[in-house]
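If you want the building blocks of each chain, they are given just below.
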Amino acid sequence: MNLFRHPNIVNLYLIKFSKWFNLVMPVVVIFYQENGLSMQEIFWLKSIYSVAIVAMEIPSGYLADVWGRKKTLILGALLGSAGFAMYSFSFGFWAFAIAEIVLGIGHSFVSGADTAMLYDTLKVSKREGEYMKQEGWITSSGNFAEAIAGVSGGLLATLSLRMPFYFQFAVASVAIPAAFLLTEPQTQVKAIAKNFSSILKTIRQTFQHRELRSALLVSSFTGTASLTFAWFVQPYFKAINLPLPLFGTMWTLLNLSVGLSSMISYKVESKLGQRKSLLLIIIGLSLGYLLSAWQVSLAGLSILFFFYLIRGIAHPILKNYINGYTQSEVRATILSIRNFVIRINFAVIGPALGYLTDQFNLSTALFCAGISYLIVTLIVALPLLKK
């Protein structure tokens with residue numbers, strides 16, 4: 001059986017494409033300003049989006065487990081398309097805020113459910129050993145889509161700042177038929193109580209399981225480190241006086257590097273094994289932060305690429321460790337807990353690192369972030385490193 005041709009695999013690629021092919025990102029701040037928003041209002045919109053994700057992240061994962069991953073992904077696809085449709089014809093802060101809430105909830109219904117769908121699709125075919133390879137390729141396709149969208153969105157914006165939103169609605173709509181065409185994997189799972197209190201039970205059981213807790217926290221902290229570093233990239237470009245026209249080109253190349261390394265992540269883990277792979281990820285990302293703090297210069301751009309290459313290797317491997325310790329009936333819930341922890345961490349760490357950047361400099365913030373990630377992640381990774 002060629003699993004790449006399995007309908008679920010193909011449709012999950014399409015869902016990832018529609019989620020990551022973000023045409024509006026390169027021009028969204030200019031779009032907001034053209035519609036009369038201040039920078040403070042722009043940051044409030046991003047906060048509203050994050051709160052919407054955090055509020056629904058774990059409940060949406062639970063619904064995916066008890067209601068079905070296919071139904072959850074259909075709802076997420078519909079909400080994602082609706083959010084961009086609202087943006088296309090909206091004006092002003094409050095209209096945009098409603099669109100952000102819809103997009104945030106839609107994001108929550110997709111995240112976790114898509115990974116659970118992929119793993120269980122492979123599991124029923126007795127090929128779960130190929131999960132890392134498929135996750136790496138799907139992640140890679142998402143990064144390639146993001147890279148291409150960065151250039152395409154900028155070109156569309158030369159026609160009109162609303163043009164990227166019109167096209168983004170069309171791209172997001174691709175996920176709708178893809179979600180409807182998914183087939184729910186018929187895994188042999190235990191019946192679980194269909195009430196909200198069982199979410200708390202799942203969370204408690206997760207953190208009582210030594211290896212699962214370790215895998216989830218390592219993956220969550222690594223996800224936070226990756227997300228945080230991404231927000232340092234443009235200030236880094238500015239600090240080294242990179243010409244503005246090259247911002248989009250460099251952003252595209254960085255995302256391409258993530259896509260390439262994601263494709264070979266399963267080979268890296270197979271060659272190195274669990275312990276060495278974990279050390280490569282933790283020490284590699286920490287070095288990316290520390291070396292970037294030390295070398296804020298044009299030569300330091302190579303360090304950014306080093307970080308992004310390790311980032312591409314990390315996520316398929318770490319998600320695979322979580323899946324390996326997780327039962328199918330709670331898989332989407334567990335993966336949503338991971339995403340929830342990432343968002344909570346970022347909500348706390350992001351403003352603190354922003355304060356360090358404003359009060360001191362970019363190097364200080366990068367150094368503190370790198371040291372913090374290294375120490376905390378090595379501690380929580382101990383059960384996996386010992387295993």
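Residue numbering note: each chain is counted from 1, following its sequence as written. A pLDDT threshold of at least 70 governs which residues receive local features in this predicted model, and a stricter bar of 80 or more applies before side-chain atom pairs are shown or counted, although totals over entire chains, interfaces and linings include all residues. Hydrogens and water are ignored here; the side-chain numbers use all heavy atoms of the structure.

**Quick word on the nonpolar core**
This is how it is decided: As used here, the term nonpolar core means buried Ala, Val, Leu, Ile, Met, Phe, Trp, Tyr and Cys residues forming a set that is joined through side-chain atoms within 4.5 Å. When a residue's accessible area, from a 1.4 Å probe over protein chains only, is under 20% of the maximum for its type it is buried; when over 50% it is exposed; and in between it is partly exposed. Only DSSP runs of H or I with at least four residues qualify as helices, and only runs of E with at least two residues qualify as strands; both kinds are numbered from the N terminus onward. Working rule for contacts: check all heavy atoms of both residues, and any pair within 4.5 Å makes them a contact.
Formed by 54 residues in total, the largest nonpolar core has its most connected members in Phe 229, Phe 237, Tyr 289, Leu 301, Tyr 308 and Leu 366. Broken down by secondary-structure element, the contributors of at least two residues to this core are α11 (210-239), α12 (245-263), α13 (265-294), α14 (301-324), α15 (331-359), α16 (362-380) and α17 (382-386). Considering every element that reaches this core, the biggest residue donor is α11, with 13 residues. Discounting chain neighbours no more than four positions away, the residues touching Tyr 308 are Phe 229, Ala 230, Val 233, Trp 251, Leu 254, Ser 257, Val 258 and Ser 261.

**Observations regarding the pattern of salt bridges**
We count it as follows: What counts as a salt bridge is simple: a side-chain nitrogen of Lys or Arg found within 4 Å of a carboxyl oxygen of Asp or Glu.
Tallying each qualifying case throughout the model produces one salt bridge. Between Glu 211 and Arg 210 there is a salt bridge whose closest N-O contact spans 3.9 Å. Under the relative-accessibility criterion, Glu 211 is labelled buried at 17%.

**What about the packing of α11 against α16?**
A packed helix pair is summarised by two numbers, namely the angle formed by the two axes and the spacing between the axes. Using the following cut-off: Working convention: axes come from line fits to C-alpha atoms, limited for helices to the stretch in contact. Angles between N-to-C directions cover 0 to 180 degrees. Roughly parallel means an angle under 35 degrees; roughly antiparallel means over 145; roughly perpendicular covers 65 to 115; every other angle is labelled oblique. Throughout, the ten residues Ala, Val, Leu, Ile, Met, Phe, Trp, Tyr, Cys and Pro are labelled nonpolar, Asp, Glu, Lys and Arg are labelled charged, and all others, Gly among them, are labelled polar.
It is the contact of α11 with α16, at a shortest axis distance of 10 Å, that shows an interaxial angle of 170°. With respect to α16, the axis of α11 lies roughly antiparallel. For the pair α11 and α16, the contacting residues are Ser 214, Leu 217, Val 218, Phe 221, Thr 222, Ala 225, Phe 229, Phe 232, Pro 235, Tyr 236 and Ala 239 in the first and Leu 362, Ala 365, Leu 366, Tyr 373, Val 376, Thr 377 and Val 380 in the second. Split by residue class, the contact of α11 with α16 holds 15 nonpolar, three polar and no charged.

**Looking at α16**
Counting along an α-helix, one turn takes 3.6 residues, and residues three or four places apart therefore face a common direction. The condition that has to hold: Helices are assigned an expected span. That span is 1.5 Å times one less than the residue count. Arc definition: directions from the helix axis to the C-beta atoms. Definition of a polar contact: a pair of N or O atoms within 3.5 Å, with one able to donate and the other able to accept a hydrogen when the atoms are protein atoms, and with sequence-neighbouring residues admitted only if both atoms are side-chain atoms.
For α16, spanning 19 residues, the distance from its first C-alpha to its last is 27 Å, which sits close to the expected 27 Å at 1.5 Å a residue. For α16, every residue scored as buried is listed here: Leu 362, Ala 365, Leu 366, Ala 369, Gly 370, Tyr 373, Thr 377 and Val 380. Taken around the axis of α16, the buried residues stretch over an arc of 130°, which confines them to a single face. Here α16 starts with a cap whose side-chain oxygen sits 3.2 Å from the backbone nitrogen of Ser 363, and that cap is Asn 361.

**Some details on the packing of aromatic side chains**
For clarity, the cut-off: Between the rings of Phe, Tyr and Trp (Trp by its six-membered ring), a pair exists once the centres lie within 6.5 Å; its type follows the angle of the planes, with under 30 degrees stacked, over 60 edge-to-face, and the other angles tilted. The rule is short: NZ of Lys or CZ of Arg within 6 Å of the ring centre and within 35 degrees of the ring normal puts a charge over the ring.
For the coordinates displayed, the defined rule picks out 10 aromatic pairs. Centre to centre, the rings of Phe 229 and Phe 307 are 3.8 Å apart; their planes meet at 10°, and the pair counts as stacked. Here Phe 229, found in helix α11, pairs with Phe 307, found in helix α14; they are 78 residues apart in sequence, far enough to count as distant. Phe 307 matches Phe 229 in its accessibility class, with the two residues each being buried. Site record: aromatic cluster; members linked through ring pairs are Phe 229, Tyr 289, Phe 307 and Tyr 308. When the ring centre of Phe 91 is taken as origin, the NZ or CZ atom of Arg 162, which lies over that ring, is 4.0 Å away.

No statement about biological role is implied by the geometric values presented.
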